Amino acid sequence: MKLGKIILALACASSWGQVAAFESKDAQIDYILTQVESAPQEQKEQILERLQWSGLSDPRLFDVFEDNLLQHYQDKYPADDLADLLAYQARALGYSGNEKYQQTLSLLAEEAKNSSLRRHAKNGKRDLQTFIQVQDALQQVQLSKGDRSFEVFTYSKMLETADPYTQRLAARAIYHEKRGEQALLDLTAEKLQGMYMNEDLDSLAQDTAAWMCKVLKQHSAYEELLDNVAENTPHRKIRRYAK
């Protein structure tokens with residue numbers, strides 16, 4: 001990424017998301033790498049945590065975290081900031097949904113000298129299996145990016161999957177990043193419309209619909225839909241969030 005584009009990305013988002021609008025996956029990866037290298041600790045951690053809904057699995061990003069983990073996993077008492085960063089990076093390897101990190105996470109879970117890192121590596125190893133399924137779900141969606149930002153394109157793909165877990169990741173992203181793109185909100189409303197009357201929704205799908213309600217409650221244009229959801233859905237949890 002050219003310096004000017006990095007500066008533009010930095011100006012667009014004090015913490016990745018919110019008002020960022022990256023043109024491409026590479027631009028987003030460059031921004032994340034820059035922030036994890038030089039941002040304040042709290043922002044580094046937030047960016048690593050938000051990788052769970054990024055849809056990213058590229059080794060160009062996650063190899064950086066893997067290299068740092070392998071460099072330090074035998075440190076029994078790393079400095080506090082480094083210990084926290086390693087924990088978040090271990091979880092990030094799980095969010096990648098990339099099977100190439102299975103061996104590294106297994107090594108860390110078994111042999112890391114620091115007990116906190118071992119614990120987070122075990123969680124990352126568990127997450128990896130879930131996010132492999134997320135990546136599989138995304139691969140099933142054929143969608144043209146068009147003139148959308150890369151994040152909006154990614155969240156649209158997530159919503160278009162048939163997997164409630166992946167759809168929930170998108171809804172969480174839209175909510176926490178306070179995204180207001182009309183097409184993305186309309187797609188969220190469309191998916192909620194198709195779910196809320198289904199009596200057979202399991203607990204995960206109900207939670208997904210609840211997150212969609214949280215997204216739409218931030219925008220008055222969807223008040224009528226939410227009123228209908230609250231009045232007619234057979235599911236108490238969805239009704240509560242629609243209200």
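The structure this text deals with has already been given above.
On a predicted model such as this, the values are computed, not experimentally measured, just so you know. (Residues numbered from 1 in each chain as written. Predicted model: local features only at pLDDT ≥ 70, side-chain atom pairs only at ≥ 80, totals over all residues. Heavy atoms only, no water.)

Undergrad: Before we go on, may I ask you to explain the pattern of salt bridges in this structure?
TA: Between side chains of opposite charge, a pair can form when the charged atoms approach closely. The final tally for this structure, using the stated rule, is 13 salt bridges. The shortest N-O distance in the salt bridge between Asp30 and Arg60 comes to 2.9 Å. Of this pair, Asp30 sits in helix H2 (residues 25-38) while Arg60 sits in helix H4 (residues 59-72), and the two are 30 residues apart along the sequence. For Asp30, a relative accessible area of 15% gives the class buried. In this structure Arg60 comes out as partly exposed when scored by relative accessible area, which is 39%. The salt bridge involving Glu181 is made with Arg179; its shortest N-O contact spans 3.0 Å. When its relative accessible area of 29% is taken as the criterion, Glu181 is described as partly exposed. (Salt bridge = Lys/Arg side-chain N within 4 Å of Asp/Glu carboxyl O. Helix = DSSP H or I, 4+ residues; strand = E, 2+ residues; numbered from the N terminus. Buried < 20%, exposed > 50% of the residue type's maximum accessible area, 1.4 Å probe, protein only.)

Undergrad: What is the right way to look at the environment of Ala39 in this model?
TA: The topology assignment puts Ala39 in the loop between H2 and helix H3 (41-50). By relative accessible area, Ala39 is classed as buried at 9%.

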